[in-house]
Amino acid sequence: QVQLVESGGGLVQAGGSLRLSCAASGRTFSTYAMGWFRQAPGKEREFVAGISSGGRTAYADSVKGRFTISRDNAKNTVYLQMNSLKPEDTAVYYCAARSGDYYYTGVRTQAKDYGSWGQGTQVTVSS
């Protein structure tokens, strides 16, 4: 199983920016599908952004144009750059990985498609 460690969460004012990082274990990170999900209090976990092993990306409508997911295969790390943050972005953000996904050309957007999860990092946006 892939080990994932998130970092970069914190408290920011509305309109501000944060960058989340997720470091993954393993020697075949370039074949992993990676995703970011979030869960706000009292709500279900929801998809935020995903990136395929080939670099294709997808975003939830609520973050499109504000968030950018990227990956650095040399560092075994995926990032989530979050700009123009809103109070409704407040949540625990989770990194997810699906190993051995080299041949899938799409982007995984369902939580059930990921087999490994990080511990989560809190993002709080104040108004």
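Predicted model, so just to flag it, every value in this text is computed and none were measured.

## Section: the environment of Ser 116
Inspection of the secondary structure assignment puts Ser 116 in strand β10 (residues 116–117). Taking the C-alpha atoms as reference points, Ser 116 and Asp 72, separated by 44 residues in sequence, lie 18 Å from one another. Ignoring any residue separated from it by four or fewer positions in sequence, one finds Ser 116 in contact with Gln 1, Val 2, Leu 4, Cys 95, Ala 96 and Ala 97. Within the structure, the side chain of Ser 116 is placed 3.3 Å from the backbone nitrogen of Val 2, a separation counted as a polar contact.

## Here we look at the packing of aromatic side chains
Tallied over the full model, the rule gives six aromatic pairs. Ring centres of Phe 37 and Phe 47 lie 5.6 Å apart, and the angle between their planes is 75°; this geometry places the pair in the edge-to-face category. Here Phe 47 lies in strand β5 (residues 46–51) and Phe 37 lies in strand β4 (residues 33–39), a separation of ten residues in the sequence. A single burial state applies to Phe 37 and to Phe 47, both of which are buried. Following the ring pairs from residue to residue traces out a cluster consisting of Phe 37, Phe 47, Tyr 114 and Trp 117. Between the NZ or CZ atom of Arg 45 and the centre of the ring of Tyr 94, over which it lies, the distance is 3.9 Å. One residue, Arg 71, lies across the ring of Phe 29, its end atom 4.7 Å from the ring centre.

## Looking at the state of the cysteines
Working definition of a disulfide: a covalent bond connecting the sulfur atoms of two cysteines. The full count for this structure, using the stated rule, is one disulfide. Between the sulfur atoms of Cys 22 and its disulfide mate Cys 95 the distance is 2.1 Å. Judged by the sign of its S-S torsion, about -80°, the cystine formed by Cys 22 and Cys 95 is left-handed. Taken as a pair, Cys 22 in strand β3 (residues 18–24) and Cys 95 in strand β9 (residues 91–98) lie far apart in primary sequence, 73 residues in all.

## Quick look at the sheet that holds strand β8 (residues 77–82)
Backbone hydrogen bonds are what pair the strands of a sheet, in a parallel or an antiparallel way. Taken together, the four strands give an open sheet; going across it, the order is β1-β3-β8-β7, and neighbouring strands pair in antiparallel fashion. Across the chains shown, the open sheet's two edge strands, defined by having one partner strand only, are β1 (4–7) and β7 (67–72). Neighbouring strand axes in the sheet, compared pairwise and without regard to direction, differ in orientation by 15° on average. Two strands pair when backbone bridges link them, and β1 and β3 are joined in this way by four bridges, in the antiparallel orientation. Its bridge partner lying in β3, Leu 4 is registered against Ala 24.

## Some thoughts on the nonpolar core
Formed by 34 residues in total, the largest nonpolar core has its most connected members in Met 34, Trp 36, Leu 80, Met 82 and Tyr 93. Take this core: its biggest share by element is five residues, from β9. Residues within four places of Leu 80 in sequence aside, it is in contact with Leu 18, Arg 19, Leu 20, Trp 36, Val 48, Ala 49, Phe 67, Thr 68, Ile 69 and Tyr 93.

Basis of the calculations
- By convention here, each chain's residues receive numbers from 1 onward along its written sequence.
- Owing to the predicted nature of the model, reporting of local features is limited to residues with pLDDT of at least 70; listing and counting of side-chain atom pairs is limited to 80 or more, with chain, interface and lining totals taken over all residues.
- To get the side-chain values, take all heavy atoms of the structure and skip hydrogens and water.
- Where helices and strands are cited, they refer to DSSP runs of H or I of at least four residues and of E of at least two residues respectively, numbered from the N terminus.
- Contacts were defined at the residue level, with two residues in contact if any of their heavy atoms lie within 4.5 Å.
- Contacts described as polar in this section are N or O atom pairs within 3.5 Å, which, within protein, must combine one atom able to donate a hydrogen with one able to accept it, while residues neighboring in sequence count only if both atoms come from side chains.
- Working definition: rings of Phe, Tyr and Trp (its six-membered ring) pair if their centres are within 6.5 Å, and the pair is stacked with planes under 30 degrees apart, edge-to-face with planes over 60 apart, and tilted otherwise.
- Residue exposure (1.4 Å probe, protein chains only): buried if accessible area is under 20% of the type maximum, exposed if over 50%, otherwise partly exposed.
- As a reminder, the over-ring test applies to NZ of lysine and CZ of arginine, requiring each to be within 6 Å of the ring centre and within 35 degrees of the ring normal.
- Note that a disulfide, as used here, is simply two cysteine sulfur atoms within 2.5 Å.
- Note on pairing: two strands pair once DSSP finds at least 2 bridges between them.
- Angles run from 0 to 180 degrees between N-to-C directions of axes, and those axes are lines fitted to C-alpha atoms, restricted for helices to the stretch in contact.
- By nonpolar core we mean a set of buried residues, namely Ala, Val, Leu, Ile, Met, Phe, Trp, Tyr and Cys, connected to one another through side-chain atoms within 4.5 Å.

Without other data, these values stay purely geometric and don't point to any function.
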